[in-house]
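Single-letter residue listing:
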Amino acid sequence: MSGIRPTGFLHLGNYFGALRNYVRMQEEYECFFMVADLHSLTTHPDTKELKLNVHRVLSENIASGLDPDKVALYCQSHIHETAELYLYLNMLAYKGELEKTATFKDKVRQQPDNSNAGLLTYPVLQTADIIIHRASLVPVGKDQEQHLEMARNFVNRFNHRYGDVFPEPQAFNYGSELVKVPSLDGSGKMSKSENQNATLFLSDDDELVRKKVMKAKTDSGPLEKNSQKPGYIENIFLLMKLVSSDDTIKKFEEDFNNCTIRYGDMKKQLAEDMVKFITPIRQKAEAIRNDEKYLKFIMEKGAEKANKSAKATMELVRQAIGLNYY
Ligand code: TRP
């Protein structure tokens, strides 16, 4: 089980960091992937944009290979039982531990006038999302580790107080496969908030992809054979490894090692390979986004699967708590 925030467009870092794992997991596990629309309300966004954002994130996920026939792909707000479970879990979550959460502290710093209870209990709702399906594997990035640790605490408290209902959820990834997707400006990772001109989005058109790649930081090339690559050059090779053929990579490695490399050519090649990679995803996502009937169908089907699982869990939860009077 995992949740996807309906904010912004997906970029290459999201694709290789998260999405590719989802696509692989769908072949091996029973999966629930949810658009976290309720969580997004904690920061008081303009809700007129919610629908477009939800449609967009669903389209991009499906275009990237998530298969609504294989997984339950649904919206958080369509599973009402989550709100009930969230309420029970709130009785097991302490003010002190919630206030210590790194993401809460960040948000309070960013928006001091809006430190609402929903933000404070964000990890409680996230726990409800996960355990409503009694899920045990949660594919998430490093930034979510603290939330998962809190989820395990809430689960253990619940099980201890009311009886064993939930497995302990664990962060999951395909180990060695964690890939870094470096930003094109030579520092850090691609990110939607940092430098948008150095981040490739799945929605970028061909010209924009070319323009961004051609602007990537390079220098005049190595002077000594087999020298070590500076970080920003290493990054271009890393990006190439994501989308280019082995032969292409080998050619530029050799050119680098014997000091004949021309970074202009390398970037042109990378740009074309990026275009070839991104274009079909962008086009497919656009087609899905324009097909509201299909999106509605997908969301209904996803909600149906998720609701079935949620209802079964809540029967157990109410029994365990003792909310069974007849
Ligand atoms: N908090 C997650 C994020 O910021 C999104 C999320 C919501 C989530 N519910 C979840 C992730 C449940 C995993 C499981 O990305």
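Residues numbered from 1 in each chain as written. Predicted model: local features only at pLDDT ≥ 70, side-chain atom pairs only at ≥ 80, totals over all residues. Heavy atoms only, no water.

Visitor: Describe the site of the ligand, with residues and values.
Guide: Residues in close proximity to the ligand total 14 residues, the closest being Arg 5, Tyr 122, Gln 126, Asp 129 and Gln 144. At 3.0 Å, a side-chain N or O of Gln 126 approaches a nitrogen atom of the ligand. The contact in question runs from a nitrogen atom of the ligand to an N or O atom on the side chain of Asp 129, over 2.8 Å. In isolation the ligand has 370 Å² of accessible area, and contact with the protein removes 95% of it. Elements with a contribution of two residues or more to the shell around the ligand: strand S1 (2-4) and helix H8 (122-131). Take the shell around the ligand: its biggest share by element is 4 residues, from H8. Looking at side-chain class alone, the shell around the ligand contains 7 nonpolar, 5 polar and 2 charged residues. (Near = heavy atom within 4 Å. Polar contact = N/O pair within 3.5 Å; in protein donor to acceptor, adjacent residues only side chain to side chain. Areas by Shrake-Rupley, 256 points an atom, 1.4 Å probe, with all protein chains shown as cover. Helix = DSSP H or I, 4+ residues; strand = E, 2+ residues; numbered from the N terminus. Nonpolar A, V, L, I, M, F, W, Y, C, P; charged D, E, K, R; others polar.)

Visitor: Would you mind going over the domain arrangement of the protein in detail, with residue names and values included?
Guide: Assigned domains of the protein: these are domain 1 (2-180 + 291-321) and domain 2 (204-285). Taken together, the contact between domain 1 and domain 2 spans 9 residues of the former and 8 residues of the latter. The contact between domain 1 and domain 2 buries some 800 Å² in all, and 77% of this surface belongs to carbon and sulfur atoms. Area buried by domain 1 at its contact with domain 2 is led by Leu 12, Phe 16 and Ala 63, which between them contribute 54% of it. For the pair domain 1 and domain 2, the number of links is 0 residue pairs in polar contact (both at pLDDT 80 or more). (Domains from an automatic or database assignment. Contact = heavy atoms within 4.5 Å. Buried area = accessible area lost by both parts, 1.4 Å probe.)

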